[in-house]
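Structural overview for review
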Amino acid sequence: MKRRDIGKLSVSELGLGCMGMSEFYGHTDDAESLATIARAVEEGVTLFDTSDMYGPFTNEILVGKALAGVRDDVVIATKFGIVRDPVDSARRSINGSPEYVRASCDASLQRLGIDTIDLYYQHRVDRTVPIEETVGAMSELVTAGKVRHLGLSEASAATIRRANAVHPIAAVQTEYSLWSRDVEREILPTLRELGIGLVAYSPLGRGFLTGRYTSMGDFGTDDVRGSGQFSERFTEQGLAANLQLVERLKEIAAEKGCTPGQLALAWVLAQWDGIVPIPGTRRRTYLEENLAAAEILLSAAELTRIAAAIPADEVVGERYSPQSMRSLNG
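So, a few notes on the structure that sits alongside this text. Bear in mind that the values here come from a model prediction, so they are computed numbers and not experimental data. (Residues numbered from 1 in each chain as written. Predicted model: local features only at pLDDT ≥ 70, side-chain atom pairs only at ≥ 80, totals over all residues. Heavy atoms only, no water.)

Moving on, we get to the overall build of the protein chain. A tally of helices and strands in the protein chain yields 11 helices and 12 strands. Against the compact-globule benchmark of 20 Å for 330 residues, the protein chain has a radius of gyration of 19 Å, which places it among compact chains. Dimensions along the principal axes, computed over C-alpha positions, put the protein chain at roughly 55 × 40 × 40 Å. Sorting the 330 residues of the protein chain into buried and exposed places 57% on the buried side. (Helix = DSSP H or I, 4+ residues; strand = E, 2+ residues; numbered from the N terminus. Rg over C-alpha atoms; globule rule 2.2 N^0.38 Å. Buried < 20%, exposed > 50% of the residue type's maximum accessible area, 1.4 Å probe, protein only.)

Printed below as a string of structure tokens:
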């Protein structure tokens, strides 16, 4: 697999998001998840993404176990900052205090079973703590040898600039796909200017752009997308309104001889060589389908046609619930 640079990190051009292996998207299967991570390594994937809040905590343990035998060949990225209530894990807060940064790092290192985190993100910006204080504490972790590179997730352009002035930021992680293109307005230009990579999560629109989901009944009862509370996009009305966009994508994919999901991933890859998408899956079949997208070449005319098929202003609904949207872009 080809490689790309995010900051001073060289990684495979497609990474693997591991969140769904432990929570949120239905029934989990650790054996299949471990096999999927192993296959990803065999196929040349080097960037593996997790967080302390996935599970919570159990996803880091799974990822650490899966990568223990190839530790020196991979880049492990994890995050801190979203605090889940120990009684009700659906209730969350954000903590960016220096004390919490240090404690979270030590706990993640222990769960992952590693000495150094390759890429450590602040998962959400804490508006009550100056970003300079949070990144200052993160910088101390680099000095201590516990972290190699720093990142932010869902941060505004202004926050990215302030953080980068304290310590070089290697990557910013945010949602980016044909279905979610807010990043194009301010974030991408800022990252290009500063030499910071973009790690694009949910590049398949949380599975919607694959064309596999056409109604709420397609999601299991333990899948947050089927709750009706996750996002207006994942309601019967939202899905119905947005299905026409996916149908347009299917038409172009059929002409190109690929799946709509592969076309959506190829489009993201083609936007800038500083972007590394991390499509998530816990199944080897979908992993291999996703990785094949890296071989799809799109002409300028095709890129324009694909973007026109799913205009950003025609997508119905925000990408999160109103409460979750308020936690973004601090």
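Moving on, we get to the side chain of Arg206. Here Arg206 is to be found in the loop between strand 11 (197–201) and helix 7 (236–256). Among the polar contacts listed, one links the side chain of Arg206 to the side chain of Tyr320, at a separation of 2.7 Å. What Arg206 contacts, discounting residues up to four positions off in sequence, is Tyr25, Glu175, Tyr201, Arg225, Phe230, Phe234, Arg319 and Tyr320. (Polar contact = N/O pair within 3.5 Å; in protein donor to acceptor, adjacent residues only side chain to side chain. Contact = heavy atoms within 4.5 Å.)

Before going further, it helps to spend a moment on the sheet that holds strand 11. Strand order in the open sheet made by the eight strands is 3-4-5-8-9-10-11-12, with parallel pairing throughout. Looking at strand neighbours, the two that pair on one side only are strand 3 (16–17) and strand 12 (275–277), the edges of this open sheet. The sheet strands contacting helix 8 (residues 260–271) are strand 11 and strand 12, and the helix crosses strand 12 at an angle near 160°. (Pairing = 2+ DSSP bridges. Axes fitted to C-alpha atoms, helices over the stretch in contact; angles between N-to-C directions.)

Okay, the packing of aromatic side chains next. Throughout the structure, instances matching the rule amount to eight aromatic pairs. Between the aromatic rings of Phe80 and Tyr120, the centroid separation amounts to 5.1 Å while the plane-to-plane angle is 35°, which identifies the pairing as tilted. Here Phe80, found in strand 5 (residues 75–80), pairs with Tyr120, found in strand 8 (residues 117–122); they are 40 residues apart in sequence, far enough to count as distant. Since its relative accessible area comes to 0%, Tyr120 is described here as buried. Aromatic ring contacts, followed pair by pair, group Trp179, Phe208, Tyr213, Phe219, Phe230, Phe234 and Tyr320 into a single cluster. The ring of Tyr286 has Arg212 lying over it, and the distance from NZ or CZ to the ring centre is 3.8 Å. Over the aromatic face of Tyr25 sits the side chain of Arg225, whose NZ or CZ is 4.4 Å from the ring centroid. (Phe/Tyr/Trp six-rings, centres within 6.5 Å; stacked < 30°, edge-to-face > 60°. Lys NZ or Arg CZ within 6 Å of the ring centre and 35° of its normal.)

Before going further, it helps to examine the packing of helix 1 (residues 30–42) against helix 2 (residues 58–67). Remark: helix 1 packs on helix 2, axes separated minimally by 10 Å, with the N-to-C direction vectors making an angle of 50°. In terms of axis orientation, helix 1 runs oblique to helix 2. Helix 2 is crossed by helix 1, and the crossing has right-handed handedness. Contacts between helix 1 and helix 2 involve Asp30, Ser33, Leu34, Ile37 and Val41 from the former and Leu62, Val63, Lys65, Ala66 and Leu67 from the latter. Looking at the contact of helix 1 with helix 2 residue by residue, the classes come out as seven nonpolar, one polar and two charged. (Parallel < 35°, antiparallel > 145°, perpendicular 65-115°, else oblique. Left-handed = near helix turned anticlockwise from the far one by under 90°. Nonpolar A, V, L, I, M, F, W, Y, C, P; charged D, E, K, R; others polar.)

Those residues of helix 10 (residues 300–309) that fall on the buried side of the exposure criterion are Leu303, Ile306, Ala307 and Ala309. The arc enclosing the buried residues of helix 10, seen along the axis, measures out at 155°, which places them on a common side. Residues of helix 10 that are exposed and point more than 90 degrees away from the buried face comprise Ala300, Ala301, Thr304 and Ala308. If you follow the buried residues of helix 10, they end up packed against helix 7 and helix 8. (Arc of directions from axis to C-beta.)

Moving on, we come to the nonpolar core. With 99 residues, the main nonpolar core has Leu16, Phe48, Leu152, Tyr176, Leu209 and Trp267 as its most contacted residues. Phe24, Tyr25, Met53 and Ile82 belong to the second-largest nonpolar core, a separate cluster that totals six residues. (Core = buried A, V, L, I, M, F, W, Y, C linked by side-chain atoms within 4.5 Å.)

A separate point is the pattern of salt bridges. A full pass over the atoms with the stated rule returns 24 salt bridges. Its salt-bridge partner being Glu132, residue Arg162 comes within 2.8 Å of it at the nearest N-O pair. Of this pair, Arg162 sits in helix 5 (residues 157–166) while Glu132 is found in helix 4 (residues 131–143), placing the two residues 30 residues apart along the sequence. In this structure Glu132 comes out as partly exposed when scored by relative accessible area, which is 32%. Among the salt bridges present, the one from Arg305 reaches Glu255, with a minimum N-O distance of 2.8 Å. (Salt bridge = Lys/Arg side-chain N within 4 Å of Asp/Glu carboxyl O.)

On to the pairing of strand 9 (residues 147–153), then. Each regular strand displays side chains that alternate between the two surfaces of the sheet. Within strand 9, five of the seven residues are buried, leaving the element largely enclosed by the surrounding structure. Of the strand pairs in this sheet, strand 9 and strand 10 (residues 169–175) are connected by four bridges, and their pairing is parallel. When the sheet's bridge partners are listed, Ser153 is paired in strand 10 with Gln173. Read as a crossover between parallel neighbours, the route from strand 9 over helix 5 to strand 10 is right-handed. (Right-handed = clockwise from strand over helix to strand, strands pointing away.)

So yeah, pure geometry; function would need other evidence.
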